[in-house]
Amino acid sequence: MVRRVAVIGAGAGGLASVKCCLDEGLEPTCFESSEDIGGIWCYTDSTDNGRVSVYRSVITNTSKEMSCFSDFPFPEDFPSYLSHGLVLEYFRMYARRFDLLRHVRFQTTVLSVRKRPDFTSSGQWEVVTETNGVRESHVFDAVMVCTGHYQEPYLPLASFPGIESRFKGQHLHSWEYRDVQAFRGKRVLVVGIGNTGGDLAVELSRVAAKVFLSTRSNTWVISRLSDHGFPFDMVGTTRFNHLLEWLLPSALSRRIRFRKFSSWFNHTNYGLASSKSSKFKMIINEELPFCLLSGTVVLKANVKEFTESSAVFEDGTTEENIDVVLFATGYNFSFPFLEESVRSAIDDNRSLYKCIFPPQLEKPTLAIIGLIQLTGSIMVGSEMQARWVTGVFAGWNKLPPPSRMMAEVLKRKPPVKRNPYERENLKMSFISYMDKIAACAGVKPSVLRLLLTDPQLALAIFFGPCSPYQYRLVGRGRWSGARAAILTQWQRTLKPLRTRVVGDSSTSSSGWGWMCLLALPAALTAGFLFSKYPQPGWSPWA
């Protein structure tokens, strides 16, 4: 019987895990090595302690309505896309609202997590911590590891001949970057075109003499703004779109997406991506296309090698007088405190059952929270994981036998270990993963059932944003405010823009409502077809 739970880390996943433990009547103790909550969102100017944090100017890539904890919306006057300061302020509100801080032990480092001698029968863990030089040993019934995957900078210098032996300029990883001051007037090469690489290239272009952005990947660049200026994720991340993508052949779906993204600008002309490419990554950046168009950022091929002052690229071109090379090459995750038998079995999240549970354990009392890459908010995914995990700990949710979990893991596990530079390939569909875990936890909403009992809400769920509130409508942890939060999410999105009202102040909600009513017959037909002819593995109506 699980009662006492150790939660490691007080970032977004750690706070959600503490709250979920309390919801299930468990007794959490959260260990946080720093002096504050927030994880990477707790910005610091210093890099001396090796702690990873966001850079000063960062803005979220997912909107507030799609990134909040499922029973705690962001304040309506917060903008849709948030600075690190506002994200941290929200975490503080959440911690105060649910009285979480009394369960957090700050400036406490977890040194080791090991199975107790009687683990096969008790499932208990011995956790050794250190606070101000004083070590303590604790016994917990279960452990939730919430340290995320932004832990150790991945710096593949061996892949770039000459960077250490010949190059005379400076090279550093993006985790060391805080602001532009040290790069003023310099010629900078940014290696890697993920979200961070794109952001830093744009920001540096305002002060640097020249910025070069090197990539080996086909990349689609999208904007946070969608049609009519609404947040891209609210417009695009819907169950209706998800159903269409599931029904269409992958090649056709990819072609439609490419045409949609290229309606903003032609990615082939900019050297970013080809419509014929089957492998690609997607980044969010409104300013990068203009920087490329204005020449303040120059796109380059993958680096072949470095000389004393130049970079030679695989297409045979060379850029001279490079002052700084900034590697935006991602991060490694690591769990140095876990005992070797457990740690060595975790290559990436595909080594875990549902990306959470190590399947080889005799007792499912260890959970890894937040080791996921989604097409939506990781924070929302982490909370859903925590809800399911604490339900398992409390005995409400059951896991299959270890043999079945191991068999499922082996189906997903790749034959070759990937590096973080290729982690984009590990991204999973936000709706698919959320629905999968929600079904395990018994909290997945049924659109078909709602069509019969609450058509207005059903249409909002199916055609509107797949926001976190949907997963508080049914099951354990049901929130009485979920329905109202879903039906008012567009108003909260527009509220911070109403600082000056001009002419027609109508929102999109009326037009969207008419569209939903017109689509009701189609939705009912689709619901009937899926109930009459169920598809293997997934149904949007279940």
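Bear in mind that the values here come from a model prediction, so they are computed numbers and not experimental data.

**As for the sheet that holds strand β15 (residues 303-306)**
Strand order in the open sheet formed by three strands is β15-β16-β17, with antiparallel pairing between adjacent strands. Both edges of this open sheet fall to β15 and β17 (318-319), since each of them pairs with a single strand only. Where β15 meets strand β16 (residues 311-313), three bridges bridge the pair, whose relative direction is antiparallel. Pairing of Glu-305 across the sheet is with Val-312, part of β16.

**What about the pattern of salt bridges?**
A complete count under the given rule lists 27 salt bridges for this structure. As a salt-bridge pair, Lys-19 and Asp-23 come within 3.0 Å of each other at their nearest N and O atoms. Taken together, the residues span about one helical turn, with Lys-19 and Asp-23 both in helix α1 (residues 12-23) at a distance of four residues. On the accessibility criterion, Asp-23 (44% relative accessible area) is partly exposed.

**Here's the deal with the packing of aromatic side chains**
For the structure on display, the rule yields 31 aromatic pairs. Plain terms: the ring middles of Trp-264 and Phe-265 are 5.1 Å apart, the flat faces sit at 75° to each other, and that makes the pair edge-to-face. Residue Trp-264 is classed as partly exposed on the basis of its relative accessible area of 39%. Classification of Phe-265 by relative accessible area gives buried; the value is 8%. One Lys or Arg, Lys-19, reaches over the ring of Phe-98 and ends 4.5 Å from the middle of that ring.

**Re the sheet that holds strand β18 (residues 324-327)**
The five strands are arranged β9-β18-β10-β11-β14 in an open sheet whose pairing can be described as parallel. Every other strand in the sheet has two partners, leaving β9 (170-173) and β14 (297-300) as the edge strands with one partner each. Across the sheet, the mean angle separating the axes of adjacent strands is 20° when strand polarity is ignored. In terms of strand pairing, strand β10 (residues 187-191) meets β18 through four bridges, oriented parallel. Bridge pairing in β18 places Val-190 opposite Leu-326.

**Observations concerning the domain arrangement of the chain**
In terms of domains, the chain is made up of domain 1 (4-151 + 333-412) and domain 2 (155-330). For domain 1 and domain 2, the distance between their C-alpha centroids amounts to 30 Å. On the side of domain 2, 17 residues touch domain 1, which itself brings 21 residues to the contact. Counting the contacts that link domain 1 with domain 2 gives one salt bridge. The shortest N-O distance in the salt bridge between Arg-56 and Asp-179 comes to 3.2 Å.

**What to know about the nonpolar core**
In globular proteins that are soluble, nonpolar side chains generally tend to be buried together. Core analysis: the biggest nonpolar cluster contains 79 residues, and Val-5, Phe-69, Phe-91, Met-144, Phe-357, Trp-388 and Phe-393 have the highest contact counts within it. For this core, the leading source of residues is helix α10 (residues 378-394), giving eight residues. Residue contacts for Trp-388: discarding those within four places in its chain leaves Tyr-353, Lys-354, Ile-356, Phe-357, Asn-397, Leu-399, Ile-437, Cys-440 and Ala-441.

**Quick word on the packing of helix α6 (residues 239-247) against helix α14 (residues 455-463)**
Relative to each other, α6 and α14 sit at 55°, their axes nearing to 5 Å. Relative to α14, the element α6 lies oblique. On the side of α6, the interface is formed by Arg-239, Phe-240 and Leu-243, while α14 contributes Ile-461, Phe-462 and Phe-463. Along the lines of polarity and charge, the residues of the contact of α6 with α14 split into five nonpolar, no polar and one charged.

Criteria and thresholds
- Residues numbered from 1 in each chain as written.
- Predicted model: local features only at pLDDT ≥ 70, side-chain atom pairs only at ≥ 80, totals over all residues.
- Heavy atoms only, no water.
- Pairing = 2+ DSSP bridges.
- Helix = DSSP H or I, 4+ residues; strand = E, 2+ residues; numbered from the N terminus.
- Salt bridge = Lys/Arg side-chain N within 4 Å of Asp/Glu carboxyl O.
- Buried < 20%, exposed > 50% of the residue type's maximum accessible area, 1.4 Å probe, protein only.
- Phe/Tyr/Trp six-rings, centres within 6.5 Å; stacked < 30°, edge-to-face > 60°.
- Lys NZ or Arg CZ within 6 Å of the ring centre and 35° of its normal.
- Axes fitted to C-alpha atoms, helices over the stretch in contact; angles between N-to-C directions.
- Domains from an automatic or database assignment.
- Contact = heavy atoms within 4.5 Å.
- Core = buried A, V, L, I, M, F, W, Y, C linked by side-chain atoms within 4.5 Å.
- Parallel < 35°, antiparallel > 145°, perpendicular 65-115°, else oblique.
- Nonpolar A, V, L, I, M, F, W, Y, C, P; charged D, E, K, R; others polar.

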